[in-house]
Structures are given as structure tokens and as C-alpha cells.
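Take a look at the letters that make up each chain.
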Amino acid sequence: MDTRTTKDTLLQKLSDRTAVTGVIGLGYVGLPFCMAAVRKGLTTVGFDIDPSKCAALAEGQSYLKHLTNASITELTISGRFEATTDFARLSEPDILVICVPTPLTRHREPDLSYLIQTTEQIAKAIRPGQMIILESTTYPGTTDEVMRPILETSGLRAHEEFYLAFSPEREDPGNENFTTSTIPKVVGADTPEARAVAEAFYSVFIDKVVMVSNTRTAETVKLTENIFRSVNIALVNEMKIVCEAMGVDIWEVIDAAKTKPFGFMPFYPGPGLGGHCIPIDPFYLSWKAKEFDITTHFIELAGQINSAMPYRVVERFALALDERSGKGLNGARVLIGGIAYKKNVDDMRESPALKLIELLEARGSKIEYFDPYVPKIPMTREHAELAGRESVIWREDLTAGYDATLIVTDHDGVDYAAMVAHAPLLVDTRNACRKSGVLDASIVLA
């Protein structure tokens with residue numbers, strides 16, 4: 001097929017909104033993506049291996065707390081969306097967007113198994129004239145070095161009979177100020193024709209599209225964004241440790257420093273990194289850098305500092321419990337306040353709360369948790385033994401029944417005043433109480 005014909009056909013379909021979009025992976029990235037595309041008139045097929053997700057969507061039910069049932073109903077009654085587990089239908093869409101997990105192994109090496117399996121499925125169904133776009137975060141070169149050879153086992157040639165592109169996802173679940181459509185979209189492809197089609201596609205439903213010269217550049221953009229955050233969070237976590245030793249309040253320091261109108265950006269300490277990006281993405285680059293005999297010192301050091309924070313919190317918690325009550329961790333009844341990886345979402349991926357529960361229970365503590373966003377702990381790769389545990393039911397004097405309460409996630413809408421009023425000891429890793437205007441001698445910052 002002539003590349004110009006491929007490009008012109010896709011551009012025409014995008015122009016008149018007859019192009020069909022396929023989104024593989026209907027999670028925190030893929031589902032909002034579908035919603036944005038459908039709202040702008042693109043017929044969209046969502047693919048997922050989990051039949052319960054497809055069934056829920058067909059019934060207008062959301063399985064992500066930050067997306068309402070009303071928004072899912074809007075999607076399903078549009079007549080332009082369908083969710084399916086039938087990957088034989090991957091030949092139907094004109095443009096396929098991959099939004100599958102790309103975690104790390106236990107040895108902090110890239111785990112591309114989900115991506116490779118998905119690409120193999122596409123290779124079985126691919127037809128001339130399609131565009132394949134990867135949105136899952138990965139190391140520079142993945143689109144061209146890993147995906148392209150697999151797709152070409154179909155007998156079709158990349159950028160001649162089908163196009164490839166990479167566009168890093170920038171979803172921020174729970175952030176009401178930014179949506180899929182309003183967050184600028186970085187897009188890269190390796191030929192002018194592929195770049196033109198990718199830009200036209202995203203321009204249908206994204207307010208601002210930022211084109212870069214190739215897929216490797218786009219892949220590196222995503223890593224750079226999250227390495228920047230990881231390094232700066234590590235810096236402020238280390239500053240917190242120093243400030244504690246000196247009797248200085250790190251939160252007061254940051255609040256004062258951020259009044260400077262230039263040259264400073266506030267980052268905040270915490271109990272450890274969580275989510276699908278910051279704890280994982282930096283190590284994709286450090287792993288790839290080894291291929292070129294380069295050691296990424298900042299990335300590795302930031303990882304060491306951030307990974308150590310749960311251990312630091314446990315020691316601080318144990319000391320506070322000993323000083324306030326004379327009790328040790330062994331046998332102590334502890335309530336964990338919030339276990340999602342960040343506030344106001346139900347996302348448990350890489351949550352530091354799971355590591356904290358593991359560490360505290362290893363020291364003999366009896367742990368329960370309260371989280372209005374996570375009624376039951378889901379299955380996770382690293383902490384399968386915690387799956388199925390349920391949140392206790394909120395009541396005003398809840399914390400009175402525990403030796404200590406440890407706030408790990410600072411959800412809005414939680415009655416921190418009641419927590420503090422009844423807790424013999426409350427250790428706050430997020431400064432949640434003071435941010436809510438609650439001050440009390442029973443609060444210890446950690």
C-alpha cells in the first residue's frame with residue numbers, strides 16, 4: 001500500500017469522524033481516553049481481558065471511584081462505544097491505542113510482558129492502513145525495538161503498510177482541574193506521514209498537541225517528567241529527616257519557601273512513593289542506560305531514599321508509641337488512616353500503605369485500616385496476602401479503640417478533628433491534620 005494513500009485515507013477518516021478508535025486496557029488511562037474520544041464524535045471500541053469491566057461498562061457502572069456512574073452512562077448511551085474481551089476484533093479500528101501496565105520486576109527491571117502479549121495479539125489481526133500508538137510508559141526504543149519487530153511478523157511493514165507512534169499518558173486520577181482533553185499531549189513518530197496522522201488523531205479530542213521528532217524522544221519525555229518528581233521528592237524526604245533531627249518543622253519550611261515567586265517549586269515529604277508512575281518509571285531509564293555503560297546516579301539515589309521512607313516511618317511511629325504510652329509495636333493495635341496511594345482516589349498501585357502494613361505486622365502489631373475510597377484491598381503483585389481485607393466502618397470515636405493511628409493517605413472529607421479527639425496517639429505522615437486546621441498535642445509528624 002502506498003504510504004501517501006494510507007496517510008490520506010486516515011486523515012480523511014479523522015476529518016469526517018468516521019475513523020474507529022480501539023483502546024486496549026480499560027483502566028485509569030484507557031477508560032478516560034475512551035470517554036474523551038467518544039465525546040468528540042469518534043466511534044471507539046474498548047478492549048480488556050477482564051469481562052467484569054466490560055459488563056460493568058455495558059450497565060453504565062463505574063469501577064473507578066473518580067469516574068461517576070453518570071459519566072459511564074453518558075459513554076454507553078452515546079452509541080459510539082462498546083467494550084469487549086474479543087481481541088479478534090483488533091482489525092476493526094483504524095487506530096489502536098495501547099494502555100496496558102508496564103510494571104517492574106522484583107529486580108527493578110522492565111516487565112514488558114503485558115505489552116508484548118498485547119502486541120502479539122495485534123500482530124495476529126493487524127491489517128494494512130492501521131495506526132498503532134503506545135501510551136504505556138516504557139524505556140526509549142521500546143516502540144521501535146520491541147513492538148515493531150513483533151508487528152512485522154504479520155508480513156506487513158511499519159510506516160509503509162501500517163504506522164507506529166508513541167504518546168505518553170499524562171492522566172492524574174482525582175485531579176478536577178485537568179482532564180484527558182485539557183492536558184497537553186506529547187506525540188512522537190518516526191516518519192513525517194506517521195507524525196501527521198498521529199497529530200490529526202489527537203487533535204480531534206486534545207486541546208493542545210505537542211509534536212516531537214520521533215518515538216524515542218516521546219518515550220524519554222515521560223521518563224524525564226517522573227524522574228524530575230522522584231528526585232525532588234527524594235530531596236524533600238531527606239530534608240525532612242534532617243529537619244526532624246534539628247527540631248525544625250519541614251512543612252513550615254516548605255510553606256514559607258514556596259512564597260518565593262521564582263526559582264522554587266514545592267514538593268512534599270511522605271511515607272513512600274506510590275502510584276503507577278513515580279516509583280517505576282525512573283528505573284526504566286536507569287535500566288536502559290546500562291546498555292550504554294552509564295550509571296544514573298541521581299535516579300538510583302532518589303530510589304534508595306524514597307524506598308527507605310516506609311522503614312523510616314515505622315521507626316518514627318515506634319518511637320512515638322514508646323514515648324507516649326510506653327508500649328512497643330508488638331501487640332499494639334494500630335489503625336491505618338487511608339491506604340490508597342494518594343488522596344481522593346481508589347488506586348492502590350504501589351501504595352506505601354501496603355509496605356507499612358507488612359512492616360508493622362512483622363513487628364507484631366495488629367493492623368486495621370479505614371479508607372472511604374478502598375472498602376476492600378484488591379489483589380496486588382507484591383502484597384497478595386493482604387488482598388480481601390476490608391476497611392473498618394467509620395464512627396466518630398473510631399480511633400479510641402486503637403493504641404495509635406497512622407495517617408498514610410490524606411483524603412479530603414475525612415473527619416480529622418474526630419480522629420485526633422479520640423486517638424491516644426496520631427502519627428501523621430501527610431500533615432493532613434494541620435492542613436485541615438486540627439492542632440493537638442497528640443499529633444506527631446512523621
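Structure's up top.
Residues numbered from 1 in each chain as written. Predicted model: local features only at pLDDT ≥ 70, side-chain atom pairs only at ≥ 80, totals over all residues. Heavy atoms only, no water.

Things to note about the pattern of salt bridges
Tallied over the entire structure, the rule returns 34 salt bridges. The salt bridge involving R312 is made with E244; its shortest N-O contact spans 3.3 Å. Here R312 is found in helix α11 (residues 297–325), whereas its partner E244 is found in helix α8 (residues 215–246), with 68 residues between them in sequence. For R312, a relative accessible area of 34% gives the class partly exposed. Across the salt bridge formed by D410 and K435, the nearest N and O atoms sit 2.9 Å from each other. Of the two residues, D410 is situated in the loop between β11 (404–407) and α13 (416–422) and K435 in helix α14 (residues 432–435); the sequence distance between them amounts to 25 residues. One network of salt bridges, with partners in common, ties together D144, E145, R148, E152, R216, K288 and E291. (Salt bridge = Lys/Arg side-chain N within 4 Å of Asp/Glu carboxyl O. Helix = DSSP H or I, 4+ residues; strand = E, 2+ residues; numbered from the N terminus. Buried < 20%, exposed > 50% of the residue type's maximum accessible area, 1.4 Å probe, protein only.)

Overview of the packing of α8 against α11
Axes are the key here: two packed helices are described by the angle between their axes and the distance separating the axes. Where α8 contacts α11, the axes come no closer than 9 Å and their chain directions differ by 45°. The orientation of α8 with respect to α11, classified from their angle, is oblique. Crossing of α8 against α11: the hand is left-handed. Residues I227, S230, V231, I233, A234, N237, E238, K240, I241 and E244 of α8 pack against F298, I299, A302, I305, N306, M309, R312 and R316 of α11. Taken together, the residues of the contact of α8 with α11 break down into ten nonpolar, three polar and five charged. (Axes fitted to C-alpha atoms, helices over the stretch in contact; angles between N-to-C directions. Parallel < 35°, antiparallel > 145°, perpendicular 65-115°, else oblique. Left-handed = near helix turned anticlockwise from the far one by under 90°. Contact = heavy atoms within 4.5 Å. Nonpolar A, V, L, I, M, F, W, Y, C, P; charged D, E, K, R; others polar.)

Focus: empty space enclosed by the protein
Going through the model one piece at a time under the given rule, you end up with two cavities of 30 Å³ or more. Of the voids in this model, the largest cavity is the one considered here, and its volume is about 80 Å³. Each residue belonging to the lining of the largest cavity can be placed in one class, and the counts come to four nonpolar, one polar and five charged. Empty space within the second largest cavity amounts to approximately 40 Å³. As for the second largest cavity, its lining consists of G337, G338, F370, P372, T409, H411, V414, Y416 and M419. Partitioning the lining of the second largest cavity into residue classes produces five nonpolar, four polar and no charged. (1 Å grid on protein atoms, 1.4 Å probe; cavity = no way out; pocket = protein on both sides within 12 Å on 5 of 7 lines; lining within 4 Å. Points joined across faces, edges and corners; volume = space filled by probe spheres on them.)

With respect to the layout of surface pockets
The space that makes up the second largest pocket amounts to roughly 1,400 Å³. Mapped onto the lining of the second largest pocket, the elements with two or more residues apiece are α8 and α9 (250–257). Element by element, the count of residues in the lining of the second largest pocket is highest for α8, at seven residues. The residue makeup of the lining of the second largest pocket, split by class, is 16 nonpolar, twelve polar and 13 charged.

Quick look at the sheet that holds strand β9 (residues 333–337)
Strands sit in the order β10-β9-β11-β12-β13 across an open sheet of five strands; the sheet is parallel. Both outer strands of the open sheet, β10 (366–370) and β13 (443–445), are each paired with one neighbouring strand and no more. Here the strands of the sheet are splayed against their neighbours by 25° on average, with no regard to which way each runs. Where β9 and β11 come together, four bridges link them in parallel fashion. The residue bridging V334 from the neighbouring strand is A404, located in β11. (Pairing = 2+ DSSP bridges.)

Focus: α8
Along its 32 residues, α8 runs 47 Å from first to last C-alpha, staying within 8% of the 46 Å computed at 1.5 Å per residue. Phi turns positive one or two residues past the end of α8, at G247, with a value near 75°. (Expected span 1.5 Å × (residues − 1).)

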